[in-house]
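Chain and residue survey
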Amino acid sequence: MSFIEIRDFSYTYPGRHLPALDGINLQVDRGQFLVITGKSGCGKSTLAKALAGFLFQDDLVNFAGEIWVNETDMTQVPLYAASERVAYVQQNPEDQFCTLTVKDEIAFGWKPPGTASGYRTSIQSALSVVHGMDLLERDLSTLSGGEKQKVAIASMLALSPDVLIWMNQPPTWTRCHRQIFETLHLLAEQRGLTIIIIEHKLLQIVDLDPQVFVMEDGKIEEKESVLSFLKRMTTETDYEQLENSGSKSIAAQEPLLSLKDINLAIRNKTILKGINLDLYPGEFIGLMGPNGSGKTSLLLTIMGLVEPTGGSKFGFGQDLSKRKISDLVRQMGFIFQNPDHQLFTASIREEALFTIGKPRPPNAKKRGRGNVLAM
């Protein structure tokens, strides 16, 4: 039997007729570094949850087949026992936090060896793997999205699992992600930790040579090397478009938004200092920087969700500091890193109607489309 072995596994969510996973067969050796990829809705997350034992805790579970990890039947063990085999790092780390501080979070599921020094060593070792020693004394509420990912991974590594699954599908890649990938690859090689990563952006890790499993419609369609996958997905037309692409020239015109000497401090910590920025109509801008550098804070400040401690904002011919957020949302849209933070209803239809608001009177003036989208 392979270290991980899935045999003819299918799973259907309650209330659904079509299976989310359909006849999955998979064999993985100990210490393998692999990626599961595919389009949104293809079953990646469901397969990850099945491997971690999350799908088998209800009485009305509807599945067929077997999932074995290190000779443990993951469909038959309670969740606390499953976590000793497979550690699961969720796409939104906040969903798995159970405490208030970094130190407590990493120690939450740790099995003490009996000494205080062992306790400290275990926490520090887990944080050092993700290059997060500077976070040791921080509160979780003060961390950026990328820093929360570091802590979530460290808290799972502290459990000393056989398998680590990382739901890594960030909107943007940072140097932090690359560091973590390199370290996890090293753990797979040197310690035999089996790493399974759910990922879309494979170009950044091509040199680590992961095994790639491609999913579609609840099935594993392909098993190949990362190089062959990228060659198959990248056509000559893609290369031509890449070569011909470039920043479009912006005709001389007034800025759509202007930030002048923006400063922001939170809890006596300087987050933004002297930001000057002009945004023009039609621009497509990438905001980049390491975790905790202030990217999210800058976007929240532009949107008006956070008030700056100094400076001024002008846009759409007005002083934005004097406008209500309820007015700004007609011209600026903001998509949070975790979409759960901005969804308020139970269905897609209700969410769309909720956003539109009350129907306009027949003679009401139509509002224009939004001018700025931040995500």
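This write-up is about the structure you can find in this document. If you're wondering where the values come from, they're calculated on a predicted model, not measured in any experiment. (Residues numbered from 1 in each chain as written. Predicted model: local features only at pLDDT ≥ 70, side-chain atom pairs only at ≥ 80, totals over all residues. Heavy atoms only, no water.)

1. Describing the overall build of the protein
In terms of regular secondary structure, the protein is built from eleven helices and 16 strands. Buried residues in the protein amount to 42% of all 375 residues. (Helix = DSSP H or I, 4+ residues; strand = E, 2+ residues; numbered from the N terminus. Buried < 20%, exposed > 50% of the residue type's maximum accessible area, 1.4 Å probe, protein only.)

2. Overview of the sheet that holds strand β13 (residues 310–315)
The four strands lie next to each other as β12-β11-β13-β14, forming an open sheet whose pairing is antiparallel. Each having just a single partner strand, β12 (269–279) and β14 (318–319) make up the two edges of the open sheet. Running at roughly 120 degrees to strand β11 (residues 257–266), helix α9 (residues 295–303) makes contact with β11, β12 and β13 of the sheet. (Pairing = 2+ DSSP bridges. Contact = heavy atoms within 4.5 Å. Axes fitted to C-alpha atoms, helices over the stretch in contact; angles between N-to-C directions.)

3. Here's the deal with the nonpolar core
Counting residues in hydrophobic clusters, the biggest one holds 43 residues, and the most contacted among them are I106 and L164. Formed by 33 residues, the second largest nonpolar core is a distinct cluster that contains F3, I6, I24 and V69. (Core = buried A, V, L, I, M, F, W, Y, C linked by side-chain atoms within 4.5 Å.)

4. Things to note about α9
Counted residue by residue, α9 has seven buried out of nine residues, so it is predominantly covered. Among all positions in α9, only K295, S297, L298, L300, T301, I302 and M303 are buried. For α9, the secondary structure elements touched by its buried residues are β11, β12, β13, α10 (325–328) and β15 (332–334). Trailing α9 by a residue or two, G304 shows a phi angle of about 95 degrees, which is positive.

5. Description of the sheet that holds strand β10 (residues 219–225)
Pairing is mixed in the open sheet, where six strands are placed in the order β6-β7-β8-β3-β9-β10. At either end of the open sheet lies a strand with only one pairing partner, and these are β6 (86–89) and β10. The mean inter-strand angle of the sheet, taken between neighbouring strand axes irrespective of direction, is 20 degrees. Contacts between helix α7 (residues 226–233) and the sheet are confined to β3 (33–38), β9 (211–216) and β10, with β10 contributing the most and set at about 110 degrees to the helix.

6. Thoughts on a nonpolar patch on the surface
Where nonpolar side chains cluster on the molecular surface, the patch consists of L305, I325 and V329 and spans about 220 Å² of accessible area. On the secondary structure map, L305 appears in the loop between α9 and β13. (Patch = residues over 30% accessible without salt bridge, like charges linked within 9 Å, V, L, I, M, F, W, Y side chains within 5 Å. Areas by Shrake-Rupley, 256 points an atom, 1.4 Å probe, with all protein chains shown as cover. Salt bridge = Lys/Arg side-chain N within 4 Å of Asp/Glu carboxyl O.)

7. Some details on a negative patch on the surface
Among the surface-exposed residues, E216, D217, E221 and E222 lie close enough to one another that they form a single negatively charged patch. Considering the arrangement of structural elements, one finds E222 in strand β10. (Lys, Arg positive; Asp, Glu negative; His and termini not counted. Charge placed at Lys NZ, Arg CZ, Asp CG, Glu CD.)

8. Details of the side chain of S155
By the element assignment, S155 lies in helix α5 (residues 145–157). Look at S155 and you get buried, because its relative accessible area is 5%. When residues no more than four places from it in sequence are discounted, the contact partners of S155 are Q96, E105 and I106.

9. Structural notes on the pairing of β10
Residues in a regular strand point their side chains to alternate faces of the sheet. As paired elements, β9 and β10 share six bridges and run antiparallel to each other. Directly across from Q211, in β10, lies its bridge partner S225.

10. A look at the packing of aromatic side chains
Considering all chains together, one arrives at eight aromatic pairs under this definition. When the ring of F9 is compared with that of F56, the centres are 5.9 Å apart and the planes differ by 85 degrees; the resulting orientation is edge-to-face. Residue F9 is located in strand β1 (residues 4–12), and its partner F56 is located in the loop between α1 (44–51) and β4 (62–69); the two are separated by 47 residues in the primary sequence. A residue is classified by how much of its surface remains accessible, and F9, at 0% relative accessible area, is buried. An aromatic cluster of at least three residues, connected via ring pairs, comprises F9, F56 and F63. (Phe/Tyr/Trp six-rings, centres within 6.5 Å; stacked < 30°, edge-to-face > 60°.)

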